[in-house]
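# Report on the structure
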Amino acid sequence: MTSPDLSALRPRLPSPVEEVADGRFGRHGIRLLLKRDDLIHPDLIGNKWRKLAPNLAAAAGRTVVTFGGAYSNHLRATAAAGRLLGLPTVGVVRGQELSDRPLNPSLARCTADGMRLHFVDRSTYRRKSEPETLAAILRGAGAEGAYVVPEGGSNSLAVRGCRALGEELRARADADAHVDVVALACGTGGTLAGLAAGLGPDQRVLGIPVLKGGFLSAGIEELQGHAFGGRRGDWSLDDRFHFGGYARVPAELDAFAEDFEQRHGVPVERLYVAKLLYGLVALADEGAFPRGSTVAAIVTGRPFP
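Let me sum up the structure you'll find in this document. (Residues numbered from 1 in each chain as written. Predicted model: local features only at pLDDT ≥ 70, side-chain atom pairs only at ≥ 80, totals over all residues. Heavy atoms only, no water.)

## Examining the overall build of the protein chain
Secondary structure assignment for the protein chain yields 11 helices and 10 strands. Here the C-alpha atoms of the protein chain give a radius of gyration of 19 Å, agreeing with the 19 Å that 2.2 N^0.38 yields for 305 residues. Seen through its C-alpha atoms, the protein chain measures out along the principal axes to roughly 55 × 40 × 35 Å. Classification of the 305 residues of the protein chain by burial places 54% in the buried group. (Helix = DSSP H or I, 4+ residues; strand = E, 2+ residues; numbered from the N terminus. Rg over C-alpha atoms; globule rule 2.2 N^0.38 Å. Buried < 20%, exposed > 50% of the residue type's maximum accessible area, 1.4 Å probe, protein only.)

The structure is reproduced here in structure tokens:
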């Protein structure tokens, strides 16, 4: 089997950087940049491109099996990649009970792009990384011998792929457009793990987890260990802005996102990007960034549908 030609998808790399004039940052002497990874590709958006591309190459034409919940951005991106590259894809979806219900718009998009869905109960899903459980899932899905991409796409290949994101922002710093802090919303932590490894020694990463639980630091260290042999870069997490957990978008957060869109004409994805931007405004008010700092916020996705 041969690897698919990813260059045929014509990604926009490096992704553009835009400065936004926002008084909530300006009054504290902070310059805000948006790293528009949402503009890399219309279907493989943001960190999904950076994480999926090396895995799609490694799949070498085999069926790609991956995992996610009912509203997973990762499942949609993998399905789109399969359609664009002619690769068969299988999505293992958390929640056996969903198999008897009409598909939500996110899962319907997956099937429209040719992804075959396989629903598993939540207990089995939690054990999917165990070799015996994974083998049973693949047998049940009729996908033995497939190339497996983990939930969220975060594995060593993906982490090394995301290092380029840090290198793009490091190059910007070397060109006298210095970025002091790079901030992003985190799900599984793979993007942060790679990004931090690509930045310069005088740059730091701030991660805003969108899931509650405070478990992500250990996961990021493990990902960096597998990808690079140990911890890389200056990074930290602030767990205060998850708004109750993944896919929780209360009215306050939605109103904030809508206001940001109206101020700057940038579409704000609610599950990740809105929490990031909200957290940055709060941190600026708290004095977390010294006056004169430049903060680059990674726009990892855009609203769906």
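Further notes follow.
## A short note on the nonpolar core
By size, the foremost hydrophobic cluster in this structure holds 34 residues, and its most contacted members are L34, L206, L277, L280 and F289. With nine residues, helix α11 (residues 273-286) is the single largest residue contributor to this core. Excluding residues within four positions of it along the chain, L206 makes contact with V181, V182, A183, L184, S236, L237, D238, L280, L283 and F289. One finds V159, V182, A193 and L199 within the second-largest nonpolar core, a separate group that totals 23 residues. (Core = buried A, V, L, I, M, F, W, Y, C linked by side-chain atoms within 4.5 Å. Contact = heavy atoms within 4.5 Å.)

## Observations concerning the packing of helix α8 (residues 190-198) against helix α9 (residues 216-228)
Each pair of packed helices can be summarised by the angle the axes make with each other and by the distance between the axes. Running from amino to carboxyl end, α8 crosses α9 at an angle of 55°, the nearest separation of the two axes being 9 Å. In this view, α8 runs oblique relative to α9, as classed from their interaxial angle. Between α8 and α9 lies a crossing of right-handed hand. Residue-level contacts link G190, L192, A193, G194, A196 and A197 of α8 to I220, L223, Q224 and F228 of α9. Of the residues belonging to the contact of α8 with α9, the class tally is seven nonpolar, three polar and no charged. (Axes fitted to C-alpha atoms, helices over the stretch in contact; angles between N-to-C directions. Parallel < 35°, antiparallel > 145°, perpendicular 65-115°, else oblique. Left-handed = near helix turned anticlockwise from the far one by under 90°. Nonpolar A, V, L, I, M, F, W, Y, C, P; charged D, E, K, R; others polar.)

## Focus: the packing of helix α2 (residues 47-59) against helix α3 (residues 73-85)
Put simply, α2 and α3 touch, their axes get as near as 11 Å, and they point 50° apart. Here α3 runs oblique to α2, going by the angle between their axes. Seen along the crossing, α2 lies across α3 with a hand that is right-handed. Residues K48, L52 and L56 of α2 pack against N73, H74, A77, T78, A81 and L85 of α3.

## A look at the packing of aromatic side chains
For the structure on display, the rule yields six aromatic pairs. Measuring from centroid to centroid gives 6.3 Å for F67 and Y125, while their planes differ by 70°, and the two rings are edge-to-face. Here the residue F67 occupies a position in strand β3 (residues 64-68), and Y125 occupies one in helix α5 (residues 122-126), the gap between them amounting to 58 residues. You'll find F67 and Y125 in the same group, each marked buried. Ring centres of Y246 and Y272 lie 5.8 Å apart, and the angle between their planes is 65°; this geometry places the pair in the edge-to-face category. Of this pair, Y246 sits in the loop between β9 (234-237) and α10 (251-264) while Y272 sits in the loop between α10 and α11; the two residues are 26 residues apart in sequence, bridging distant segments of the chain. On the basis of relative accessibility, which here comes to 29%, the residue Y246 falls in the partly exposed class. Through successive ring pairs, a cluster of aromatic residues spans F241, F243, F256, F260 and Y278. The ring of W235 has R231 sitting right over it, with the charged end atom 3.8 Å from the ring centre. (Phe/Tyr/Trp six-rings, centres within 6.5 Å; stacked < 30°, edge-to-face > 60°. Lys NZ or Arg CZ within 6 Å of the ring centre and 35° of its normal.)

## What about the environment of P42?
Structurally, P42 is set in the loop between β2 (31-35) and α2. Residue classification places P42 among the exposed positions, given a relative accessible area of 54%. A sequence separation of 260 residues divides P42 from R302, and the C-alpha atoms of the two residues are 9.8 Å apart.

## A few points about the pattern of salt bridges
Per the stated rule, a full pass over the model turns up 22 salt bridges. Close ionic contact of D285 with R27 constitutes a salt bridge, the shortest N to O distance being 3.4 Å. A residue pair is termed long-range when its members are at least 10 positions apart, and D285 in helix α11 and R27 in the loop between α1 (23-26) and β2 qualify at 258 residues. One salt bridge connects R36 with D38, and the closest N-O pair in it is separated by 2.8 Å. Here the two residues R36 and D38 agree in accessibility, since each one is buried. Connected through salt bridges with shared partners, the residues D22, R24, D259 and R263 form a single ionic network. (Salt bridge = Lys/Arg side-chain N within 4 Å of Asp/Glu carboxyl O.)

## Thoughts on the sheet that holds strand β5 (residues 116-120)
In space, the four strands of this open sheet follow the order β5-β4-β3-β6, with parallel pairing throughout. Only two strands of the sheet have a single neighbouring strand rather than two, namely β5 and β6 (147-148). Of the strands in this sheet, β3 and β4 (89-94) touch α3, which is tilted by about 160° from β3. (Pairing = 2+ DSSP bridges.)

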